[in-house]
Amino acid sequence: MIGRIPWWTVVVVGVIATIWVIPVLGIVITSVRPPSEVALGWWRIDHVSFTLSAWIRVWSEYPLAQAFWFTGMLAAIATLGTMLFAPVAAYAFHFLKFRFRRLLLIIIINAFVLPQQVVVIPLFILWRDLKLIDNIAAVLIPYIGLSFAWSIFLVKNFLEDFPKELIEAAKIDGCGPISTLRHVVLPNATSPIYAVGVLQFLWTWNALLLPMLYLRSIQPLPVLLTKVAGTYESNWDLRSVAAIVTTIVPLIVFVVFQRQFAAGSQTRTGAKE
């Protein structure tokens, strides 16, 4: 039958999904079992008991709620900024004509090969001189700036197949560049914009290096997770609780927006089929 999935595909996907879920299941079980039982192996069922002491300790001994709110604020601002600037820049590089356009695009795209660690020390010196250490701008600016390379490249690739007839029709109707972007391009470019938003949110939510170096008084969840780990004790139960709290929001975001993220080439342009 046309379109029927082979049986072996279901088996392979099922096995891979089961293997993928096992560590997640282990984290959840570890968070609700006593450390003495976890030390013997979270998978053992000869003696099973459950407790919420790890959850209570994490929320009482560490500023988890404050870090959760701060992480969400950072990720939301960085995501909205990238979703706003990336389509505008991609539209300018693809449809507008200005001096050094190609050179600027090559410079931005070449940032792909620039590791994040390379800019850490120069940024630290710059933020120190500008008195921006322990300021939210010290991480927001790199979050948005470092994402320009891949986000502009992603949206611009989408615009390669965008019908130029729509742009010409907008010009004939009297639309300028901004009106064309707002009324023609953006409504038909939601797929790459959503993809940029999901990727940016996941990256900024899980970012560890920049907040650890540039923030002091308030720190996001990934940095707090390193403190929960402890120096002289394992704290596997506390680590599991912090890991669950840290990963639950990205998981929800990906599940909610997975259809827009996976849209890919399913564009909503005015091209005739």
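As a starting point, this report considers the structure included with it. Note that residues are indexed from 1 along each chain, following the sequence as it is written. The model is predicted, so local features are restricted to residues of pLDDT at least 70 and side-chain atom pairs to those at 80 or more, both for listing and for counting; the totals for chains, interfaces and linings are taken over all residues. With hydrogens and water set aside, each side-chain value is computed from the structure's full complement of heavy atoms.

A carboxyl oxygen of Asp or Glu within 4 Å of a side-chain nitrogen of Lys or Arg is what we treat as a salt bridge. The tally for this structure, following the rule as stated, stands at three salt bridges. Asp-129 is the partner of Arg-128 in a salt bridge, and the nearest nitrogen-oxygen pair spans 3.7 Å.

Every patch collects residues that have over 30% relative accessible area and no salt bridge, joining them within 9 Å if they carry like charges and within 5 Å if they are nonpolar side chains (Val, Leu, Ile, Met, Phe, Trp, Tyr). Each accessible area is a Shrake-Rupley result for a 1.4 Å probe, and residues are judged covered by the shown protein chains and nothing else. There is a patch of nonpolar side chains on the surface, built from Trp-7, Trp-8, Val-11, Val-12, Val-15, Ile-16 and Ile-19 and spanning about 770 Å² of accessible area. Numbering goes from the N terminus for both helices and strands, where a helix is a DSSP run of H or I of at least four residues and a strand is a run of E of at least two. Following the sequence through the fold, Trp-8 ends up in helix 1 (residues 7-31). Here the term buried applies to any residue with accessible area under 20% of the maximum for its type, exposed to any over 50%, and partly exposed to those in between, with areas from a 1.4 Å probe on protein chains only. Note on Trp-8: relative accessible area 48%, which makes it partly exposed.

The next thing to look at is the nonpolar core. Grouped together as the largest cluster of nonpolar side chains are 21 residues, with contacts concentrated most on Phe-95, Ile-152, Leu-159, Phe-162, Ile-167 and Val-185. Only helix 4 (64-95), helix 5 (101-109), helix 8 (148-159), helix 9 (164-172), helix 10 (177-185) and helix 11 (190-205) provide two or more residues apiece to this core. Joining through side-chain atoms within 4.5 Å is the link that ties buried Ala, Val, Leu, Ile, Met, Phe, Trp, Tyr and Cys residues into a set, and such a set is a nonpolar core.

Quick look at helix 1 now. With 25 residues, helix 1 extends 36 Å between its outermost C-alpha atoms, agreeing within 8% with the 36 Å of an ideal straight helix rising 1.5 Å per residue. Maximal helix bending in helix 1 amounts to about 25°, located at Ile-22; proline Pro-23 follows within four positions. For helix 1, the full list of buried residues reads Gly-26, Thr-30 and Ser-31. What a helix is expected to span follows from its residue count: subtract one and scale by 1.5 Å. Given a residue, its bend is the angle between the two axes fitted to the seven residues that end at it and to the seven that start from it.

Each Phe, Tyr or Trp ring, with Trp reduced to its six-membered ring, pairs with another whose centre is within 6.5 Å; inter-plane angles below 30 degrees give stacked pairs, above 60 give edge-to-face pairs, and intermediate values give tilted ones. Within this structure, the stated rule accounts for eight aromatic pairs. Each member of the aromatic cluster is reached from another via a ring pair, and the members are Phe-68, Phe-201 and Trp-205.

Turning to the environment of Gly-81, a few remarks are in order. If you trace the backbone, Gly-81 turns up in helix 4. Separated by 63 residues in sequence, Gly-81 and Ile-144 place their C-alpha atoms 6.6 Å apart.

Now for the environment of Phe-112. Here Phe-112 is to be found in the loop between helix 5 and helix 6 (120-129). Residues Phe-112 and Ser-147, spaced 35 residues apart in sequence, show a C-alpha to C-alpha distance of 9.2 Å. Two residues qualify as a contact provided that any one of their heavy atoms is within 4.5 Å of a heavy atom in the partner residue. In this structure, Phe-112 is in contact with Ala-149, Trp-150 and Phe-153, ignoring residues within four places of it in sequence.

This brings us to the packing of helix 8 against helix 11. It is at 9 Å that the axes of helix 8 and helix 11 come closest, and there the two elements cross at 160°. What the angle tells us is that helix 8 and helix 11 run roughly antiparallel. Between helix 8 and helix 11 lies a crossing of right-handed hand. Between helix 8 and helix 11, the residues in contact are Trp-150, Ser-151, Leu-154, Val-155 and Phe-158 and Pro-192, Ala-195, Val-196, Leu-199 and Gln-200, respectively. Residues are grouped as follows: nonpolar covers Ala, Val, Leu, Ile, Met, Phe, Trp, Tyr, Cys and Pro; charged covers Asp, Glu, Lys and Arg; every other residue, Gly included, is treated as polar. For the contact of helix 8 with helix 11, the residue count by class is eight nonpolar, two polar and no charged. Angles run from 0 to 180 degrees between N-to-C directions of axes, and those axes are lines fitted to C-alpha atoms, restricted for helices to the stretch in contact. Comment on the angle field: the value is read as roughly parallel under 35 degrees, roughly antiparallel over 145, roughly perpendicular from 65 to 115, and oblique elsewhere. Should the near helix be turned counterclockwise from the far one by less than a right angle, the crossing is left-handed, whereas a clockwise turn marks it as right-handed.

If you check which residues of helix 6 are buried, you get Val-120, Leu-123 and Trp-127. Around the axis of helix 6, the buried residues are gathered within 65° of arc, so they sit on the same side. Buried-residue contacts for helix 6 involve helix 7 (137-146) and helix 12 (209-214). Lys-131 sits one or two positions beyond helix 6 and adopts a positive phi of about 60°. This arc is taken over the directions from the axis of the helix to the C-beta atoms.

So, about the packing of helix 7 against helix 11. Two numbers describe how helix 7 lies on helix 11: the axes approach to 11 Å, and their chain directions differ by 140°. When the axis of helix 7 is compared with that of helix 11, the two are oblique. Judged by the sense of rotation from one axis to the other, the crossing of helix 7 with helix 11 is right-handed. Contact residues: helix 7 offers Pro-142, Tyr-143, Ile-144 and Leu-146, while helix 11 offers Gln-200, Trp-203 and Thr-204. Of the residues contributing to the contact of helix 7 with helix 11, the split by class is five nonpolar, two polar and no charged.

All quantities given are derived from atomic positions and should not be read as evidence of function.
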